Amino acid sequence: MTSRTLFSLAGLTALLLGQPLPAAEPPVGVDLSPVPPHVHDSGLPAQWAQRGVFMEILVRAYQDSNGDGIGDLNGLTQRLDYLKALGITGIWLLPIYRSADHDHGYAVADYRNIEPDYGTLADFDRLIAEAHKRGIGVILDYVINHSADTHPLFVAANNDASSPWRNWYVWKNSKPTGWQTYGGDPWYAGKAGGYYYGAFAQSMPDFNFRNPDVLAFHLDNLRFWLNRGVDGFRFDAVGALVENGPNAWEGQPENHRIMRQVHDVLNAYGNRYMVAEAPAFSTEFSASDSAGSAFAFGLQNAILKSIQMGRVMETLPAYLRQKPVGNMGTFLSNHDSFAGARVAQQLGEDIPSQKLAAATLLTLPGIPFLYYGEEIGQTFSEPVQWDDQRLRGPMSWDGSAHAGFSSAKPFRALAQNHASANVAAENGQPDSLLESYRALIALRKAHPALQTGTLRILSDDDDPVLVLLREQGGEQLLVTLNYSRRAASAAVPAGQWQLLYSSAKPADVQLKSDGVALPAQQLAVFRKMTP
């Protein structure tokens, strides 16, 4: 890695003697040392990510182990058996690095250390080891687009216009005009003159990827975590890495070249998984020569709208036909309010509707990501500083005063329905939402056709029943989902079909030669019998 140099006395002496200039020392608190790869076997099966089900978890909100009201790594480790019993085979951790925000974690202040609220690197290593023992992979949320404005590299660049770290961020001598990004006008005055670029906020300045040292820094950071046993990464905001003007700050071709180099690093480790967040460019980043996988933004809206309307909305089959969903991360909700409120809130806390949403997600192609608390139907309504915080409240483990999350007052208000919608109340109850998730995940894990099989859509827009044919390795599964709030029928292909799974009582599912009849808001899956 090369860097601009400081014109110190040693530097002037080197210039006079015709010697190479000494490299600039990084600011205190920044580790820029190269990280050689240390490849090792996690013990996870091949295609563990593509064939499994993930849980997205905010460590701060999952389980407090030390009584300070804040979730931590040791608390998450204590809950791994719950995740395994649910059928989860992958965990996506929202940012766990030392941060300036001490909340969401996307304002990273140290890429090679743990947020103190969460514990230590030793705690993290134990989490990885215990997860692997249970056949669970762990991917980290990596914030590649920007850092915190308190990151020592930016502090040095902001305090001195001649700093060798100035070109690690995006600067202009005079303020550009005509720009509007996620946070509005993205140009902010620097302390030592000039203006820096922050697509999201003043507190999160963007890295300058035209400087090759910046990408080298990030690749070394990735190897740092991969060497500790991490199984991959979710990459934040990859559609905004390079900006070419006020009308060309998103979706630029340079972004794909960057992510290809990132992909190469992960491929060198083998059996690792990466998924990109690029809401407007999910198809492009799902290509094998880019990130290889991206989240299927928009699919969640099509699923939930179909359930709300009681019929197959045209956006759902259209999305499935037009997008490479098979290698995309699919979800119903996540940590960002722009992706929608929690599922239970969007569906009015109606349990049959929530079960139907889960059934749709877990029988479609793609790599399903659940959002913690979704499986028990959590809802939040307390006032917050910004909307995203309402999606990031404590997990409800039981109906006690602090919901089993902590022995102290939690850092944020509990779910409004924690007394009834919690793990203890739903665990083992046959009709509960939690047990429906458990059964559906088990169904998916038992049948490769539901994991990576081909898809044919056999129903039409506005039909009450969505009919899907999933096929792999000679196994054909017919998936039928009745979105209507009354019994409905659908035609099925010719052949001998055997009921494999039903969310309704099997006696209530009628299969005849010309079709299938389903009770309201129910799923039935059939397997084609060989002659």
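All values derive from a computational prediction rather than experimental measurement.

Structural notes on unusual backbone geometry
What you tend to see is this: most non-glycine residues have negative phi, and most peptide bonds are trans.
Move 1: The backbone of Glu 349 sits at a positive phi, close to 60°, despite the residue not being glycine.
Move 2: Inspection of the secondary structure puts Glu 349 in the loop between α11 (343-346) and α12 (351-363).
Move 3: According to the relative accessible area criterion, Glu 349 is partly exposed, its value standing at 38%.
Move 4: Even without a glycine there, the phi angle at Gln 521 is positive, about 50°.
Move 5: Mapping Gln 521 onto the fold places it in the loop between β19 (515-518) and β20 (523-528).
Move 6: Owing to a relative accessible area of 11%, Gln 521 belongs among the buried residues under this scheme.

Overview of helix α4 (residues 121-133)
Move 1: For α4, which comprises 13 residues, the first-to-last C-alpha distance of 18 Å matches the rise-based estimate of 18 Å (1.5 Å per residue) to within 8%.
Move 2: For α4, the full list of buried residues reads Asp 123, Phe 124, Leu 127, Ile 128, Glu 130, Ala 131 and His 132.
Move 3: If you follow the buried residues of α4, they end up packed against α2 (73-78), α3 (80-86), β2 (90-93), β4 (108-114), β5 (137-142) and α6 (212-226).
Move 4: At the exit of α4 stands Gly 135, carrying a positive phi of roughly 75°.

A few points about the UniProt feature "domain: Glycosyl hydrolase family 13 catalytic" (unreviewed entry) in the protein
Move 1: As recorded in UniProt, the feature "domain: Glycosyl hydrolase family 13 catalytic" (unreviewed entry) lies at residues 56-412.
Move 2: Between the C-alpha atoms that bound residues 56-412 there is a distance of 18 Å. The span itself is 30% helix and 13% strand.

What to know about the side chain of His 146
Move 1: Here His 146 lies in the loop between β5 and α5 (152-159).
Move 2: Only 3.1 Å separates the side chain of His 146 from the side chain of Asn 145, close enough to count as a polar contact.
Move 3: Leave out the neighbours within four places in its chain, and His 146 touches Tyr 106, Tyr 111, Phe 200, Met 204, Pro 205, Asp 206, Phe 207 and Asp 236.

Cut-offs and rules
- Residues numbered from 1 in each chain as written.
- Predicted model: local features only at pLDDT ≥ 70, side-chain atom pairs only at ≥ 80, totals over all residues.
- Heavy atoms only, no water.
- Helix = DSSP H or I, 4+ residues; strand = E, 2+ residues; numbered from the N terminus.
- Buried < 20%, exposed > 50% of the residue type's maximum accessible area, 1.4 Å probe, protein only.
- Expected span 1.5 Å × (residues − 1).
- Contact = heavy atoms within 4.5 Å.
- UniProt positions renumbered as here; feature names shortened; annotations may be inferred.
- Polar contact = N/O pair within 3.5 Å; in protein donor to acceptor, adjacent residues only side chain to side chain.

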